[in-house]
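Each chain, written out:
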Amino acid sequence: MFNPIVFDQKACNACNVCVDVCTMDILAPNPEKGKPPVVLYPDECEYDGSCWTHCPSRDKGAIDIVMPLSMRASILRGAKEGQK
Ligand code: SF4
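In this report, we go over the structure that sits alongside the text.

Conventions used here
Residues numbered from 1 in each chain as written. Predicted model: local features only at pLDDT ≥ 70, side-chain atom pairs only at ≥ 80, totals over all residues. Heavy atoms only, no water. Helix = DSSP H or I, 4+ residues; strand = E, 2+ residues; numbered from the N terminus. Buried < 20%, exposed > 50% of the residue type's maximum accessible area, 1.4 Å probe, protein only. Contact = heavy atoms within 4.5 Å. Areas by Shrake-Rupley, 256 points an atom, 1.4 Å probe, with all protein chains shown as cover. Lys, Arg positive; Asp, Glu negative; His and termini not counted. Charge placed at Lys NZ, Arg CZ, Asp CG, Glu CD. Near = heavy atom within 4 Å. Nonpolar A, V, L, I, M, F, W, Y, C, P; charged D, E, K, R; others polar. Core = buried A, V, L, I, M, F, W, Y, C linked by side-chain atoms within 4.5 Å. Phe/Tyr/Trp six-rings, centres within 6.5 Å; stacked < 30°, edge-to-face > 60°. Lys NZ or Arg CZ within 6 Å of the ring centre and 35° of its normal.

1. Some thoughts on the overall build of the protein chain
For step 1, the next point in the chain: Counting secondary structure elements, the protein chain contains three helices and four strands.
For step 2, the next point in the chain: When the elements of the protein chain are put in sequence order from the N terminus, they spell out β-α-β-β-α-β-α.
For step 3, the next point in the chain: With respect to the three principal axes, the spread of C-alpha positions in the protein chain is 50 × 25 × 20 Å.
For step 4, the next point in the chain: Residues counted as buried form 32% of the 84 residues belonging to the protein chain.
For step 5, the next point in the chain: If you take every contact in the protein chain between residues at least 6 apart in sequence, the share linking residues at least 24 apart comes to 54%.
For step 6, the next point in the chain: Taken as a whole, the protein chain presents about 5,800 Å² of accessible surface, with 53% of it coming from carbon and sulfur.
For step 7, the next point in the chain: Side-chain charges in the protein chain split into 9 positive and 11 negative, and the spacing between the mean points of these groups amounts to 9 Å.

Dropping the structure here:
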């Protein structure tokens, strides 16, 4: 299954801010204390970036959003059409 949110175990401090701000409630605190959150519903991610935006450790790479290939292709296609 495709995972839209990737955590870096070393950079993430398990503060769970991303869990709290997720507009789709797809994240949950990890039952193992001190570990990054768990992505419960990866198919329901809206890719709005709220988790990444609010993460206090994003500059250290604690969290990353990975868009599916189909979304990346349509963004690139839109950019090329905008250049015409
Ligand atoms: S990814 Fe960022 S906001 Fe989410 S638990 Fe880790 S440090 Fe906190």
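2. Remarks on the site of the ligand
For step 1, the next point in the chain: Around the ligand lies a shell of 13 residues, among which C12, N13, C15, C18 and C55 are the nearest.
For step 2, the next point in the chain: By residue class, the composition of the shell around the ligand is 10 nonpolar, three polar and no charged.

3. A look at the nonpolar core
For step 1, the next point in the chain: Counting 16 residues, the largest nonpolar core has I5, F7, C18, I26, L27 and I63 as the members making the most contacts within it.
For step 2, the next point in the chain: The set of elements that each furnish at least two residues to this core consists of β1 (5–7) and α1 (17–21).

4. What to know about unusual backbone geometry
For step 1, the next point in the chain: Despite not being glycine, A14 shows a phi value in the positive range, around 60°.
For step 2, the next point in the chain: Within the secondary structure, A14 sits in the loop between β1 and α1.
For step 3, the next point in the chain: Of note in this structure, N16 is not a glycine but carries a positive phi near 70°.
For step 4, the next point in the chain: Within the fold, N16 resides in the loop between β1 and α1.

5. Notes on the side chain of N16
For step 1, the next point in the chain: Take N16: its relative accessible area is 18%, and that puts it in the buried class.
For step 2, the next point in the chain: If sequence neighbours within four positions are ignored, N16 has contacts with P29 and P37.

6. Brief notes about the packing of aromatic side chains
For step 1, the next point in the chain: Enumeration over the complete set of coordinates arrives at zero aromatic pairs.
For step 2, the next point in the chain: Taking NZ or CZ as reference, R58 lies 4.6 Å from the ring centre of W52, over its face.

Such coordinate-based values are descriptive only and should not be taken to indicate function.
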